[in-house]
Amino acid sequence: MLTSPSVRCADTVAPYCTARGVELVAKKGLSEEGFEERPEKVDKHLRRLLAAAEPVAVCTHGPVMGPLLRALLGRAGADLPGTDRRMLARLLDVGLDKGEVLALTMVGAGDGAEVVAVVRHRPPG
């Protein structure tokens, strides 16, 4: 699990990590402050995740989501349904809800990694 070190992110995902025995790794580049200082860190973290080609959850914040979504939209595979492609593009404009989960299914690794499905889980209310 990769997270911003900000309390709201780390506290959100810590119970899951504890229950599943998953290591919680905090990266300053995923925080709002870290992103403001060094925005290129987002691309670095994404490249490393794609190179590893392992299932992972990432917890971050609104300002960081734009560059992540843009990069992932750029990796939309030919088999990505049009509705999923449009959803990613729309989320670039409107952003995600607080507490929302966006699940992406990817195939391949590194430079060949492609998004093939997107599922949006919005918080109740």
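So, here is what we can say about the structure in this document.

Procedures and definitions
Residues numbered from 1 in each chain as written. Predicted model: local features only at pLDDT ≥ 70, side-chain atom pairs only at ≥ 80, totals over all residues. Heavy atoms only, no water. Pairing = 2+ DSSP bridges. Helix = DSSP H or I, 4+ residues; strand = E, 2+ residues; numbered from the N terminus. Core = buried A, V, L, I, M, F, W, Y, C linked by side-chain atoms within 4.5 Å. Buried < 20%, exposed > 50% of the residue type's maximum accessible area, 1.4 Å probe, protein only. Contact = heavy atoms within 4.5 Å. 1 Å grid on protein atoms, 1.4 Å probe; cavity = no way out; pocket = protein on both sides within 12 Å on 5 of 7 lines; lining within 4 Å. Points joined across faces, edges and corners; volume = space filled by probe spheres on them. Nonpolar A, V, L, I, M, F, W, Y, C, P; charged D, E, K, R; others polar.

**What to know about the sheet that holds strand 3 (residues 58–59)**
Ordered in space as 2-1-3, the three strands form an open sheet in which the pairing is parallel. Of all strands in the sheet, those bounded by a partner on one side alone are strand 2 (25–26) and strand 3. Pairing of strand 1 (residues 2–3) with strand 2, which is carried by two bridges, proceeds in the parallel orientation. Paired with Thr 3 across the two strands is Ala 26, which belongs to strand 2.

**Description of the nonpolar core**
Val 64, Leu 68, Leu 69, Leu 102 and Val 118 are the most contacted members of the largest nonpolar core, which has 20 residues in total. Among the secondary structure elements, those contributing two or more residues to this core are helix 3 (40–52), helix 4 (62–73), helix 5 (82–94) and strand 5 (114–121). No other element matches the five residues that helix 4 contributes to this core. In this structure Leu 69 touches Leu 88, Leu 91, Leu 92, Leu 96 and Leu 102, once residues within four positions along its chain are discounted. By size, the runner-up hydrophobic cluster in this structure holds five residues, among which are Met 1, Val 13, Cys 17 and Cys 59.

**A word on the layout of surface pockets**
In this approach the atoms are scanned with a rolling probe the size of a water molecule, which exposes any empty space left behind. Size it by volume and the largest pocket reaches roughly 1400 Å³. Contributing to the lining of the largest pocket are 43 residues, with Ala 57, Val 58, Cys 59, Met 65 and Leu 102 lying nearest its centre. Listing elements by their share of the lining of the largest pocket, those giving two or more residues are helix 1 (7–20), helix 3, strand 3, helix 4 and strand 4 (101–107). Sort the elements by how many residues they give to the lining of the largest pocket and strand 4 lands first, with seven residues. Counted by class, the lining of the largest pocket contains 28 nonpolar, nine polar and six charged residues.

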